Amino acid sequence: MSLRFKAISDPDGSGSNSKEQKMDLGNGSEVVYVPRLLTSDESWKFFDYLNKEIPWIRPTIRVFGRSHVQPRDTCYVASKGLPELIYSGYQPHAYSWDDFPPLKDILEAVHKALPGSTFNSLLLNRYKGGNDNVGWHADDEKLYGSTPEIASVSFGCEREFLMKKKPSKSSQERRSDDDEPVSKRLKKSSNPDHHSFTLKHGSLLVMRGYTQRDWLHSVPKRAKAEATRINLTFRYVP
Ligand SMILES: O=C(O)CCC(=O)C(=O)O
Ligand SMILES: [Fe+2]
């Protein structure tokens, strides 16, 4: 594949990512959202390339002792020599960055937006409609260390990305949304233990610090989301 796209990490030429939103989740967890890492045109070119050229597969995974087909397509890319990734009993084949050169352009844009970061692996997800989803989880595999930075770039159909705080282990604070009566729940929008982001075409969302230790995230089913969404999560394996 000789196609290379110039990735613009500074679409408005201001020298900074305008409208970058930083959210302090407390206790050393932080999320950063950049609505426009890449321009819309450029993002559609990446979308079309990835949709067509990535060898997407839908693996069978094991969750809570039960096997089922993962409700989205996936692919894994990693630098040479890294330890193997295994999640939910599944070990994806590690493709090389050279197999898909445009991924290097996206990686470059991410590195530019996040000075000091050095991502060396990438998990790709494709949601082929509103039924495809990822359930509540944390990317807390030992492989990534205790405070991984995860940079997530989205293309195509906008979907909601939800975050909720893991139930606290201390009994005093043992109140998660799952065991609390509905009447006592705060409205989600004002509850500091829940956050929701609409991940736009060409956007970047970063989770860092203790986010994977203390929070869960998901992309739930959405009946009205008919179009395809592609998401790339860049990670660093020490
Ligand atoms: O699609 C997304 O925005 C999130 C994907 C995700 O959480 C993951 O790959 O671990
Ligand atoms: Fe995740």
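Just so it is clear, the structure is predicted and the values come from calculations on it, not from any experiment.

Analysis parameters
Residues numbered from 1 in each chain as written. Chains lettered and ligands numbered in written order. Predicted model: local features only at pLDDT ≥ 70, side-chain atom pairs only at ≥ 80, totals over all residues. Buried ≥ 20, exposed ≤ 12 C-beta atoms within 10 Å, placed from the backbone. Helix = DSSP H or I, 4+ residues; strand = E, 2+ residues; numbered from the N terminus. Pairing = 2+ DSSP bridges. UniProt positions renumbered as here; feature names shortened; annotations may be inferred. Contact = placed C-beta atoms within 7 Å. Near = placed C-beta within 6 Å. Nonpolar A, V, L, I, M, F, W, Y, C, P; charged D, E, K, R; others polar. Expected span 1.5 Å × (residues − 1). Core = buried A, V, L, I, M, F, W, Y, C linked by C-beta atoms within 7 Å. Axes fitted to C-alpha atoms, helices over the stretch in contact; angles between N-to-C directions.

**A closer look at the pairing of strand 7 (residues 121-127)**
At step 1: Buried residues dominate strand 7, accounting for six of its seven residues.
At step 2: As paired strands, strand 5 (residues 73-78) and strand 7 are joined by six bridges and run antiparallel to one another. When the sheet's bridge partners are listed, A78 is paired in strand 7 with S121.
At step 3: Bridging between strand 7 and strand 14 (residues 229-235) involves seven bridges; their strand directions are antiparallel. What sits directly across from L124, in strand 14, is L232.

**Points about the UniProt feature "binding site: 2-oxoglutarate" (unreviewed entry) in the protein**
At step 1: The feature "binding site: 2-oxoglutarate" (unreviewed entry), as given by UniProt, occupies N125, Y127, H137, H217, R229, T233 and R235 in the numbering adopted here.
At step 2: Relative to the helices and strands, H217 is located in strand 13 (residues 215-219).
At step 3: Leaving out residues up to four positions away in the same chain, H217 has contacts with F161, L162 and M163.
At step 4: Structurally, the position occupied by R235 is in strand 14.
At step 5: Residues within four places of R235 in sequence aside, it is in contact with F119, S121, Y144, P148 and I150.

**Some words on the site of ligand 1**
At step 1: For ligand 1, the full set of nearby residues is L123, N125, V134, D139, S152, F161, L199, H217, V219, N231 and T233.
At step 2: When contributions to the shell around ligand 1 are tallied by element, the ones reaching two or more residues are strand 7, strand 13 and strand 14.
At step 3: Considered class by class, the residues forming the shell around ligand 1 number five nonpolar, five polar and one charged.

**Some remarks on the environment of R126**
At step 1: Position of R126 relative to the elements: it lies in strand 7.
At step 2: Considering only alpha carbons, one finds R126 and F100, 26 residues apart in sequence, at a separation of 16 Å.
At step 3: Dropping the residues within four chain positions of it, R126 is found in contact with W56, R72, D73, T228 and I230.

**Remarks on helix 2 (residues 102-113)**
At step 1: Along its twelve residues, helix 2 runs 17 Å from first to last C-alpha, staying within 8% of the 16 Å computed at 1.5 Å per residue.
At step 2: Residues of helix 2 that are buried: L103, D105, I106, L107, A109, V110 and A113.

**What about the nonpolar core?**
At step 1: I106, V110, L204 and L205 are the most contacted members of the largest nonpolar core, which totals 41 residues.
At step 2: Counting residues per element, this core draws most heavily on helix 2, which supplies six residues.
At step 3: Among residues more than four places away in sequence, those in contact with V110 are F119, A151, V153, L204 and F234.

**Considering the sheet that holds strand 14**
At step 1: Pairing within the open sheet is mixed, and its eight strands lie in the order 1-2-12-9-14-7-5-6. Two strands in the sheet have a free side with no partner beyond their single neighbour: strand 1 (21-26) and strand 6 (94-95).
At step 2: Pairing between strand 9 (residues 150-156) and strand 12 (residues 203-209): five bridges, direction antiparallel. Counterpart to I150 in the pairing with strand 12 is M207.
At step 3: Across the sheet, helix 1 (residues 40-53) is in contact with strand 9 and strand 14; its angle to strand 9 comes to roughly 90 degrees.

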